[in-house]
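Structural features, examined
Below, each chain spelled out in residue letters.
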Amino acid sequence: MRSPEDGAADLELVRRMAAGDRTAVDDLYLRFRRPAFALARRVLADDTLAEDVLQDVFLGIWRNPSAFDGSRGSVASWVLTMVHHKAVDAVRREESQRRRTARAEEDMALAAPTENHDVEDEAWERVEAGRVRTALRSLPDPQREALTLAYYGGYTQREVAALTGIPLGTVKTRMLAGMRRLKDTLGTGVTPADGAPR
């Protein structure tokens, strides 16, 4: 469980980095390596890629500690959000590489065309994913932070409370309020052109 003292210590490490203290990033890494690695590993399902993500994130923090904005959340949420973004980017790169490799193999073998995809369904899924991302960005920072850690990071409410140093009841309230706002923003469902509810 993270305490308010943990949050203050995290802030002090960011201040030390901004002042040029090269050891501060090592200390920050030691504080966050376990939850950061767990999050990257959960997204990537690959230890080596997860380690690469952590290296990229902490190198980025060391190079630009002033990127931290305390008005947008805690140091813990900043670090874990960066880990999540980098891990998702790595998944996309890996998937893109797999697709290119599969296409090249198919071309070389003159294989039969792959199974047809329903273009309309794919397009609709992308539209919906975009709507959700836009709605999530419209939430107040505390609600967005709690929902992002829970739904994208895969953390339980108790873990979100521990990571952010916020009481569990407050996390639950923020998540409930955020979900209600998302429901109001997104509506109960949109019907595509074919009339089938999605």
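Residues numbered from 1 in each chain as written. Predicted model: local features only at pLDDT ≥ 70, side-chain atom pairs only at ≥ 80, totals over all residues. Heavy atoms only, no water.

Rules: UniProt positions are given in the numbering used here, feature names are shortened, and annotations may be inferred rather than shown by experiment.
If you check an unreviewed UniProt entry, the protein appears there as RNA polymerase sigma factor SigK from Modestobacter marinus. Recorded in UniProt for the protein, the comment headed Sequence similarities (unreviewed entry) runs: "Belongs to the sigma-70 factor family. ECF subfamily."

1. Quick look at the packing of helix 7 (residues 157–164) against helix 8 (residues 168–186)
Filter applied, for reference: In this analysis an axis means a line fitted to C-alpha atoms, helices contributing only their contacting stretch, and an angle means the value between N-to-C directions, from 0 to 180 degrees. In this text, helices come from DSSP runs of H or I with a minimum length of four residues, and strands from runs of E with a minimum of two, each type numbered from the N-terminal end. Any angle that falls under 35 degrees is termed roughly parallel, while one over 145 is termed roughly antiparallel, one within 65 to 115 roughly perpendicular, and all others oblique. In a left-handed crossing the near helix is turned counterclockwise from the far helix by less than a right angle, and in a right-handed crossing that turn is clockwise. Residue contacts are counted whenever heavy atoms from the two residues lie within 4.5 Å of one another. By the convention adopted, Pro, Cys, Tyr, Trp, Phe, Met, Ile, Leu, Val and Ala count as nonpolar, Lys, Arg, Asp and Glu as charged, and the other residues, Gly among them, as polar.
Axis separation between helix 7 and helix 8 bottoms out at 9 Å; the angle between their running directions is 115°. With respect to each other, helix 7 and helix 8 are oriented roughly perpendicular. Judged by the twist between their axes, the crossing of helix 7 over helix 8 is right-handed. Packed against helix 7, whose contacting residues are Gln157, Arg158, Val160, Ala161 and Thr164, the element helix 8 presents Leu168, Val171, Lys172 and Met175 at the interface. Tallied by class, residues from the contact of helix 7 with helix 8 come to five nonpolar, two polar and two charged.

2. A word on the nonpolar core
The condition is simple: Within this scheme, the nonpolar core is defined by two criteria: the residues are buried Ala, Val, Leu, Ile, Met, Phe, Trp, Tyr or Cys, and they are joined through side-chain atoms within 4.5 Å. Under the scheme applied here, a residue whose accessible area is under 20% of the maximum for its type counts as buried, over 50% as exposed, and between as partly exposed, the area being computed with a 1.4 Å probe on protein chains only.
Ranked by internal contacts, the top residues of the largest apolar core, which has 41 residues, are Leu28, Val53, Phe58, Ile61, Val75, Val79 and Val83. Only helix 1 (4–18), helix 2 (23–44), helix 3 (47–63), helix 4 (75–109), helix 5 (119–137), helix 6 (141–152), helix 7 and helix 8 provide two or more residues apiece to this core. Look past the residues within four positions of Val53 in its chain and what remains in contact with it is Ala40, Leu44, Val83, Lys86, Ala87 and Ala90.

3. So, the environment of Val14
Relative to the helices and strands, Val14 is located in helix 1. For the pair Val14 and Ala24, spaced ten residues apart in sequence, the C-alpha to C-alpha distance is 7.4 Å. In this structure Val14 touches Pro65, Phe68, Val75 and Trp78, once residues within four positions along its chain are discounted.

4. Here's the deal with the environment of Thr173
One can find Thr173 in helix 8. Taking the C-alpha atoms as reference, Thr173 lies 8.7 Å from Gln143; in sequence the two are 30 residues apart.

5. A closer look at unusual backbone geometry
In this structure, Ala45 is a non-glycine residue whose phi angle is positive, near 55°. If you trace the backbone, Ala45 turns up in the loop between helix 2 and helix 3.

6. Comments concerning the side chain of Gln143
Secondary-structure assignment places Gln143 in helix 6. Excluding residues within four positions of it along the chain, Gln143 makes contact with Arg174, Ala177, Gly178 and Arg181.

7. Quick word on a nonpolar patch on the surface
Note the cut-off: Patch membership needs two things, relative accessible area over 30% and no salt bridge, and members are linked within 9 Å if like-charged or within 5 Å if nonpolar (Val, Leu, Ile, Met, Phe, Trp, Tyr). Methods summary: accessible areas were calculated by the Shrake-Rupley approach with a probe of 1.4 Å, and residue burial reflects only the protein chains presented. For this analysis, a salt bridge means a side-chain nitrogen from Lys or Arg found within 4 Å of a carboxyl oxygen belonging to Asp or Glu.
On the surface, a nonpolar cluster with roughly 380 Å² of combined accessible area is contributed by Val132, Tyr151, Tyr152 and Met179. Within the secondary structure layout, Tyr152 lies in helix 6.

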